[in-house]
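Residue-level structure breakdown
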Amino acid sequence: MSVMMRCMAALAALVVLAIPAARAGELPQPVGKPILTIQGKIAIANHDGAAQFDLAMLEHLGMVTIETKTPWFDGPVKFEGVPLARLMSTVEASGKTIVAVALNDYSSEIPIEDVTKYNVILALKRNGEYMPVRDKGPLFVIYPYDSDPELKSQTFYGRSVWQIAKLVVK
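About the criteria used
- Residues numbered from 1 in each chain as written.
- Predicted model: local features only at pLDDT ≥ 70, side-chain atom pairs only at ≥ 80, totals over all residues.
- Heavy atoms only, no water.
- Helix = DSSP H or I, 4+ residues; strand = E, 2+ residues; numbered from the N terminus.
- Buried < 20%, exposed > 50% of the residue type's maximum accessible area, 1.4 Å probe, protein only.
- Contact = heavy atoms within 4.5 Å.
- Salt bridge = Lys/Arg side-chain N within 4 Å of Asp/Glu carboxyl O.

**As for the overall build of the protein**
Each helix and strand counted, the protein has five helices and ten strands in total. Across the 170 residues of the protein, 43% fall into the buried class. The contacts of the protein with a sequence gap of at least 6 include a subset with a gap of at least 24, amounting to 58%.

**A closer look at the pattern of salt bridges**
A side chain of one charge can pair with a side chain of the opposite charge when the charged atoms of the two come close. Following the criterion strictly, the structure yields three salt bridges and no others. Across the salt bridge formed by Arg159 and Asp114, the nearest N and O atoms sit 2.6 Å from each other. Of this pair, Arg159 sits in helix H5 (residues 154–159) while Asp114 is found in helix H4 (residues 112–117), placing the two residues 45 residues apart along the sequence. By relative accessible area, which is 15% here, Arg159 ends up buried. Assessed through its relative accessible area of 3%, Asp114 is described here as buried. A salt bridge links Lys152 to Asp146; the nearest nitrogen and oxygen atoms lie 3.3 Å apart.

Below, the structure written as structure tokens:
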């Protein structure tokens, strides 16, 4: 194994060790700055009845990619993020609606059935780069718009909140 590969393996091991292990039904505390809070009808929390996640915790849940056209960017865009269904399962959400709240307090309701029906993601990256706050980051609700003509409508574009800070399960 090359020196570079050994260094990368050692770094990966340190990152894994930095994320506290969670027992079933528990959520570890964020090590880094929390970028997402989930509250409302959830059974798993780690901070005053809410679930807080830092970037590493979200990535640790597993990332998927959606490549789709959007009304906000020219041409197809590759988004990488956490499946919203996996995130809701992690916190054992039991509501019917998710209210996505942006940093500027803009909000939109997302029917919880959307997250599995359409494989909605909470995107962290666009075209391989983390999204800064000034450009729709750090988190952006993304539907696979090209996968179903129904998704190319104002209804679903309106549910695609960017600069997400909080999700409230109702």
